[in-house]
Amino acid sequence: MADSKGTKAAGPASPRMMFVVVATMVAMIAVPAALTLHTVRVPAVVDVNVVNPSPYGYTVSLLLFLVPIAAMLCWLFPREDVRVSKRAFGWTLALLFPLGAGLDFFFAHLFFTFGNKAATLGIVAPALGGGVPLEEYVFYFTGFVADLLFYIWLDEYWLAAYSVPVEKRMDFQRLLRFDPWSLILAVLLIIGAILFRKLAIAEPGFPSYFIFLVVGAMLPSAALLHEAMPVINWRAFSLTLFLMLLISLMWEATLGVPYHWWGFQPQRMLGISITAWDYLPVEEIFVWITVTYTTVIVYEIVRRWKMSGRTMRGAFMGGGYNAS
């Protein structure tokens, strides 16, 4: 198709190209930010043993997720012109929340510390190694909900012009397709992290937390990215990612770590920390990037399945439809 001057109009960008665009946007901000933060040599430290500088701070801070959740629920679900797949929403949370809960239940005693009990309600939730603050489970649950609702709101309303048509979502043979590049990237990241920790960090340790994040993001990607990529609203994804990263970094860098709401066991980290943010491990920058990446992939795959009318086996492995 040509315009009035005879020049050829640009067609829609491919999903892979949009993926590259989003990665480039992240890099444009991340690289100068990293160079700037690297200039800081002395952190600003709060001694929580002297006074209680943030009574119930962790508890109240959960409003950073709860308020956006309430606002988006009130906006999205009553509107007749916005179609939200409630079944896809519920399935996505049911599949992903156990990742966050499992991180706390099985690994919190290995990865984290919770030094400022006065910043919480003081209710200990079950977890291996002595339990965790109840706020931890609420944090991960509301985080997944907020992440998913941001994407749905942007995809269905704010950036609806770039949403993939329903017909394209339903046009597939099977949803479960192996993506070798995701597995290759995961293996390279894990090997690189182990070698870096062994060769570049003087103190003994193993990058268990980094490996958990890589596996949690790349396993769904290896199985589902191939069929998720064509239907992701990449503009909605990019803005969701930046919103979650902004909230996360404000939470981590200015509140959670400096005021000891939570901390990290250095022997389980990669070994790269940000001095300006009270030695925040670099892994924490990537937590909500990986969460957003995984959440959007899983949601779009589940939505394709539910829209197709097929059984789970038929949709994921290839086959027939429900009799109903």
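Our subject is the structure that appears above.
Residues numbered from 1 in each chain as written. Predicted model: local features only at pLDDT ≥ 70, side-chain atom pairs only at ≥ 80, totals over all residues. Heavy atoms only, no water.

1. A word on the overall build of the chain
1) Next: Helix and strand content of the chain: eleven helices and six strands.
2) Next: When the 324 residues of the chain are sorted by exposure, 45% land in the buried category.
3) Next: Taking the contacts inside the chain whose residues are at least 6 apart along the sequence as the reference set, 78% of them involve residues at least 24 apart.
4) Next: Only carbon and sulfur atoms are counted for the fraction: they give 70% of the accessible area of the chain, which is about 16800 Å². (Helix = DSSP H or I, 4+ residues; strand = E, 2+ residues; numbered from the N terminus. Buried < 20%, exposed > 50% of the residue type's maximum accessible area, 1.4 Å probe, protein only. Contact = heavy atoms within 4.5 Å. Areas by Shrake-Rupley, 256 points an atom, 1.4 Å probe, with all protein chains shown as cover.)

2. Re the packing of helix α8 (residues 208-228) against helix α10 (residues 283-308)
1) Next: Relative to each other, α8 and α10 sit at 25 degrees, their axes nearing to 9 Å. One way to sum up the angle between α8 and α10 is to call them roughly parallel. The two elements α8 and α10 meet at a crossing, and its hand is left-handed. In contact with Y209, F210, L213, G216, A217, P220, S221, L224, L225, E227 and A228 of α8, α10 contributes E283, E284, V287, T290, Y293, T294, I297, V298, I301 and R304.
2) Next: Residue composition of the contact of α8 with α10, by class: 13 nonpolar, four polar and four charged. (Axes fitted to C-alpha atoms, helices over the stretch in contact; angles between N-to-C directions. Parallel < 35°, antiparallel > 145°, perpendicular 65-115°, else oblique. Left-handed = near helix turned anticlockwise from the far one by under 90°. Nonpolar A, V, L, I, M, F, W, Y, C, P; charged D, E, K, R; others polar.)

3. Examining the packing of aromatic side chains
1) Next: Under the definition given, this model contains 31 aromatic pairs.
2) Next: Each ring, one from F111 and one from F112, has its centre 6.1 Å from the other, and the planes form 80 degrees; the classification is edge-to-face. Grouping residues by exposure puts F111 and F112 together as buried.
3) Next: Where W261 meets W262, the ring centres are 6.3 Å apart and the plane angle is 65 degrees; that geometry is what we call edge-to-face. Comparing W261 with W262 shows no difference in burial state: the two are buried. (Phe/Tyr/Trp six-rings, centres within 6.5 Å; stacked < 30°, edge-to-face > 60°.)

4. Digging into helix α7 (residues 180-200)
1) Next: A rise of 1.5 Å per residue sets the reference length of α7, with its 21 residues, at 30 Å; its end C-alpha atoms lie 29 Å apart and thus fit the reference within 8%.
2) Next: Along α7, the positions that sit buried rather than exposed are S182, A186, A193 and R197. Seen from one end, α7 has its buried residues packed into an arc of 40 degrees, which puts them on one side. Exposed residues lying more than 90 degrees from the buried face of α7 are W181, L188, K198 and L199.
3) Next: Buried-residue contacts for α7 involve α8 and α10. (Expected span 1.5 Å × (residues − 1). Arc of directions from axis to C-beta.)

5. Focus: the environment of F237
1) Next: Position of F237 among the secondary structure elements: in helix α9 (residues 234-256).
2) Next: Note on F237: relative accessible area 5%, which makes it buried.
3) Next: Each residue touching F237, except ones within four places of it in the same chain, is listed here: V22, Y151, I232, T292, Y293 and V296.

6. A closer look at the nonpolar core
1) Next: Ranked by size, the top nonpolar core spans 82 residues in total, and within it F65, F112, Y209 and F237 carry the most contacts.
2) Next: Examining the composition of this core, we find that 13 residues originate from one element, α10, more than from any other.
3) Next: For Y209, the residues in contact, after removing those within four places along its chain, are L103, F111, F112, F264, R268, M269, E283, E284 and V287. (Core = buried A, V, L, I, M, F, W, Y, C linked by side-chain atoms within 4.5 Å.)

7. A short note on unusual backbone geometry
1) Next: Of note, Y56 is a non-glycine position whose phi angle comes to about 55 degrees, a positive value.
2) Next: Relative to the assigned elements, Y56 resides in the loop between α1 (15-37) and α2 (57-61).
3) Next: The exposure class assigned to Y56 is partly exposed, which follows from its relative accessible area of 46%.
4) Next: One non-glycine residue, Y279, adopts positive backbone phi at about 60 degrees.

8. Structural notes on the pattern of salt bridges
1) Next: On inspection of all chains with the given rule, the structure shows seven salt bridges.
2) Next: With a closest N to O distance of 2.9 Å, D155 and R303 form a salt bridge. Of this pair, D155 sits in helix α5 (residues 134-158) while R303 sits in helix α10, placing them 148 residues apart in sequence.
3) Next: Taken together, the salt bridges that share partners define one network made up of D155, E156, R169, E300 and R303. (Salt bridge = Lys/Arg side-chain N within 4 Å of Asp/Glu carboxyl O.)

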